[in-house]
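Tertiary structure, described
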Amino acid sequence: MLVFLGRRILSGAILLVVISALTFTLIFSTGGNIARTLLGDYATDGQVALKAQELGLDRPLVEQLVNWFTHAVTGDFGRSWFTSEPVTQAIMGRLPVTLSIVFLVMTISVVLSVTLGLLAATKRGLVDRATQGLAIFGAAVPGFIVAIVLVTTLALQARIFPATGFVPFGQDPAAWALSLFLPVAALVVGTVAASAQQIRSSIIDVLRRDYVRTLRSRGLGEREILLKHVLRSASPPGLTVLALQFVGLLGGTVIVEQVFSLPGIGFLAVQSTTRGDLPVVLGVVVFTVIMVILINLAIDVLVGWLNPKARIS
Amino acid sequence: MTEATIASPVSLPAPRSRTRIVRRVLRDPVGITALAILIVAISASYLAGFITPIDPNATDLSSVLAGPSGAHPLGTDSAGRDVLARLLWGGQSTFAAAALATVVALAAGVPSGLIAGYYGGWFDAGTSWITNMLMSLPAVVVLLAARAALGPSVWISMALFGVLLGPSFFRLVRTSVISVRGELYVDAARVSGLSDARIISRHVLYVVRAPIVIQAAIIAGIAIGIQAGLEFLGLGDSSAPTWGMMLNEGFRNVLLSPLFLLWPALAITLVTAAFAVLGNSLRDALEDDEITPRTKGRAIKHIPHSEAGLVPTGSVAAADTDHLLVVRDLSVEYPRADGTTKRVVDGVSFHVDRGEVVGIVGESGSGKTQTAFSVLGLLPETASIAEGHIVFDGIELVSRTSGAVSRSRMDPLRGTRIAYVPQEPMSNLDPAFTVGYQLSRPLVKRLGLSRAAAKKRALELLATVGIPDPGRTYAAYPHEISGGMAQRVLIAGAVSCEPDLLIADEPTTALDVTVQAEVLELLRTLQSELRMGVLMVTHNFGVVADLCDRVVVMRDSRIVESGDVVTILSRPSEDYTRTLLASTLEGKTPRTLLLSDSAGETA
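Residues numbered from 1 in each chain as written. Chains lettered and ligands numbered in written order. Predicted model: local features only at pLDDT ≥ 70, side-chain atom pairs only at ≥ 80, totals over all residues.

Right, let's talk about the nonpolar core for a bit. In this structure, V281 of chain A together with A101, A223 and L535 of chain B are the most contacted members of the largest nonpolar core, which totals 263 residues. Broken down by element, the residue count for this core peaks at 21 residues, all from helix 10 (residues 196-232) of chain B. Of the residues that make up this core, three or more belong to each of domain 1 (29-54 + 75-288) and domain 2 (353-382 + 396-602) of chain B. (Core = buried A, V, L, I, M, F, W, Y, C linked by C-beta atoms within 7 Å. Buried ≥ 20, exposed ≤ 12 C-beta atoms within 10 Å, placed from the backbone. Helix = DSSP H or I, 4+ residues; strand = E, 2+ residues; numbered from the N terminus. Domains from an automatic or database assignment.)

Okay, the pairing of strand 12 (residues 558-564) of chain B next. Residues and elements named next belong to chain B. Bridge analysis of strand 11 (residues 550-555) against strand 12 gives 6 bridges, and the strand direction is antiparallel. Counted as the bridge partner of V553 is E561 from strand 12. What sits between strand 11 and strand 12 in their antiparallel hairpin is a turn of 2 residues, with D556 showing a positive phi close to 45 degrees. (Pairing = 2+ DSSP bridges.)

The next subject is the confidence of the model for chain A. Summing up the model confidence of chain A, the mean pLDDT is 85 and the portion of residues at 70 or higher is 98%. Ranking the elements of chain A by mean pLDDT puts helix 2 (residues 32-39) of chain A last, at 71, and helix 9 (residues 210-217) of chain A first, at 91. (pLDDT = per-residue confidence, 0-100.)

Contact residues are listed per partner, giving 63 residues for chain B and 58 residues for chain A. Contributions of two or more residues to the side of chain B that touches chain A are made by helix 6 (121-135), helix 7 (139-150), helix 10, helix 12 (258-291), strand 8 (418-421) and helix 15 (435-447) of chain B. Ranked by the residues each element gives to the side of chain B that touches chain A, the list is headed by helix 7 of chain B, at 11 residues. The class makeup of the residues in the side of chain B that touches chain A is 41 nonpolar, 13 polar and 9 charged. (Contact = placed C-beta atoms within 7 Å. Nonpolar A, V, L, I, M, F, W, Y, C, P; charged D, E, K, R; others polar.)

Further remarks concern the UniProt feature "domain: ABC transmembrane type-1" (unreviewed entry) in chain B. The UniProt feature table records "domain: ABC transmembrane type-1" (unreviewed entry) at residues 91-279 of chain B. Measuring from the first to the last C-alpha atom of residues 91-279 of chain B gives 20 Å, for a span that is 85% helix and 0% strand. (UniProt positions renumbered as here; feature names shortened; annotations may be inferred.)

So, on to the UniProt feature "transmembrane region" (unreviewed entry) in chain A. The UniProt record marks residues 9-29, 101-121, 133-156, 176-194, 238-260 and 280-306 of chain A with the feature "transmembrane region" (unreviewed entry), using the residue numbering of this structure. Secondary structure within residues 176-194 of chain A divides into 100% helix and 0% strand; the distance between the first and last C-alpha atoms comes to 27 Å.

Our focus in this paragraph is the UniProt feature "domain: ABC transmembrane type-1" (unreviewed entry) in chain A. With numbering aligned to this structure, UniProt lists the feature "domain: ABC transmembrane type-1" (unreviewed entry) at residues 95-303 of chain A. Along residues 95-303 of chain A the backbone is 85% helical and 0% strand, and the end-to-end C-alpha distance reaches 27 Å.

Okay, structure coming up:
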C-alpha cells in the first residue's frame, strides 16, 4: 500500500510540474504583447518596453520559467500586477468559499447518487426511470443554465434564497448554508446525474456476478449482500466518474461563483483573466490542478482500499 | 467553416449496418425530434440573412428592452438591437465553434487512439499519460488562462477545448481497438497479408465508428455549453453576437426584462439538449442492435415475505415427505422478447434421499443447471417456475402465486440445510474480501458463533478440505490463491454449516485434470462423513460413475431416463444416453466402471 501511495504521489508531482510548465509557456509565450495589452493602445513603445522590463517579460522565456519555478517551490507565486497582493495570499483568502462549495457538492453528490443508484438498480420501476431521466437532463442542460434558472426563480422572483453574497461559516452557520444553497444545488444536479447513472449500472453489473449468487446460497441477508458486497465492488467505477466530475466541478464553480457573486477562486480567475493579471491566472491554474491531484490521490487510495487487486497493479 | 462540416463532423466510411442504426434513430420519436431541432436550428442560423433583414448589430436607442412587436418579433435588447436577428446570427458562430471543437477533438483523439491501441508500446504509454494529464485539467480554468494570454478569440478557445476533449475519443478508440485486435478475424486478416493500414481502416475503424459518432454528438453539445459559459462570463469576443453574450446581457437586465434572458437560455438549452439526446438515442439504437438477442437479466427475483396463496405444507403428497428432496413435474420458463415464453425445464421429476448422490447429466443447454438453481431458489429474476413442486424435507418450497421459490421458506434453509458448490471457483469468491471473512461470516450469521469461534471453525474447515497452510489461505484474498484452492474454499464454505443437501454444479469442470480427481475425492469423503444428500450436476459420465448412486439424464429441458447408475451406464435404454456415453468415452480405453480404482481416483 505504501509503495502504491508513493508511486501515486510521485506521478501527481510530475503531473503538476508538467502542467505548470505548459501553462506558463502558454501564458507567457506572447512576450512583448503582454505589456502592450496591459497598457492599452495609447501607450508609447517606450512605455511598453519599460513595463516589459519591469515585469521581467524581456527575459528569455526559459529564464522566466526557471525563475518562476524556483520561487513557486517555496510557495511564492509572485504578486498580482494590479493589486500587488501576493498571489498565494489572494488565493488563500478566496479558498474557503470555493472549498465550501466543492466540499458540499461532493458530499451531497456521493450520498444522493449512491442512494439513487442503489434504489434504481434494485427497485427498478419509477426510481430507475427517474434516475435515467435525470442522467439525460444532466447531460442535456448546461450547469450554468440551471444556476441561472435557480437564481431567477427562487432568489429574484420568489426571494426564498439570497441571490448573491457569501457569509462565512464562523459568522453565521445558518446564513452560510442559505447563501450556498442555490450554488450548491445548481452544481449537484449535474454531478448526481452523471454518477448516479454510473453507480446504477455498476450495481446491476455486480448483482449478476457469480459470487453474489454464492453469497446468497450461504444464507446471508439481502441487505448485507447489497450494502457490503455489491456496493463495495460497484463503487470503484462510480468513484472514477466522481473524480472526473470533480474536475468539471472546478470549472462549474467558476461560472456559478460569477452567477451568485461569490468571492471564490473562480471569481478571482475571471477577474484576473479580464484584466490580464497573468501571475494570478497562473496561480489559479496551479492551485486547481493541486486540488485535482489531491482528490485523485484520495480516490485512488479509496479504490485501493475497496478493491485489494488494484493495490498491486 | 462551411455548413457541410457541421452537418457531418465525422468523415468515416458508411458501411451498411450504419443505415440500420440510422433507421432505428429515425423511428425513435425522441431521436427524430432532437435531429429535427438541430436541423432547423442550423439551417435557420445560416439562412439568418433571408429570415430577417435586420442587422444584428444595428442599435435603435428609441426602443430599448422592448417586448415583441411587428418590427422586432422577439423584442429588443438593452441597446435596442433586434433579439431575433442576434439569436439567428449568434447561432452561426455557435455551431461553427462546436464543429471546430469536435473536429479538433476527433483529430487529436482518433488517430492517436488507433495507433496506441493497435501497436501499444511506448506510443501507448506516452499518449495514455498525456490523456491522464489532460483529463485532470479543469477545462474552464485552462480556457480562462488561454483567454488571458491569447485574447478573446472563440476559435482559439474552441480549438484548445477540442484538444482537452481529445481524451474522450482517445480512450474510446483505444479500448475498442485493443479488444478488436485480439479477435480472430483480425488475426486472420493479418495472416492473409493485409497491411496494418488496411486492417485498421477496414476492420478496426468499422467497430469504433458508431461509438465515435455518438461521442461526437455529445461533445458538440458540451462544446456549445462551454462556449456559451465563457461568453456568459463576459470573456467572449464582443464584435459578433453570440448566445452566451446575450445570456450575459439578459442576466444583467433580468429584473427589467426577464423575457430577454429567456431567448438565449432557451436556444442554448434546446441545442445542447438536442445533441445530448441525439447521442443517447444513437447509443440506444446501437445497444439494441447488439443486445436484443440475449436480453436475459440475471438478477435474482425477490418475493416478499408476506405472501398469500402459498401451497400449504399439508397439501404435500404423503409420498413426497419420505425423501430429502422431491422435485415433481417442475417446469421453468423465461420470457422471450416477442412475448412468448421459453421452457428451459419441462416436467422434470426426481428425488434425492439422505446420504445419496444423484447425478443430473446432460449437454449444455439441457436444463440441468436451471433445475439445480430452481431447487436453490436462485433462478434469475426473469425466470419463473411455471409448474411443479419442490419439496425439501416435507416443506413445499414453490410459491404458486409468485412463480418462484418462496423466500420466507427458503431463507431459513439456505446455507444451513441446502448448500451450493458452484462451477467456476474464481468468479464465485468476492474479490474484495478475504477468504477467511467469506468463510467465517456465514458461521457468525447463520450458526450464531462468536467471531473467534467462527475463525477457529473456518481454519478447521480449510484443513479438512486439504488446504496445506490454512492460516495463510484464511488471510488471503481470492486473487492470491489458485483455482483448485478456491474450489476447496468454496466446498469448505458449502459444508461449513453441515447441510443435509449439497447441490454441486459441475464442481470440477473448470479445474485442471489432476485437481479434478482430488476435488471429487474430497466431495466423496465429505459426503460420506456428513451423510449429505448430493445433487451433482455434470456433463461428465466419469464423474457420475465415480460418485453417483443414481443418475438422471436430461436433454432439451426434459428427462430422457433415470435410474440406478449401474443400470444406466451398463444398459442404457435410450439412444441418447448411449450417444452421450459414447461421446464421453470416445478415444479413451474403455474402463471397468464402478470399481474403486476408477479413472477419477487414479488420474
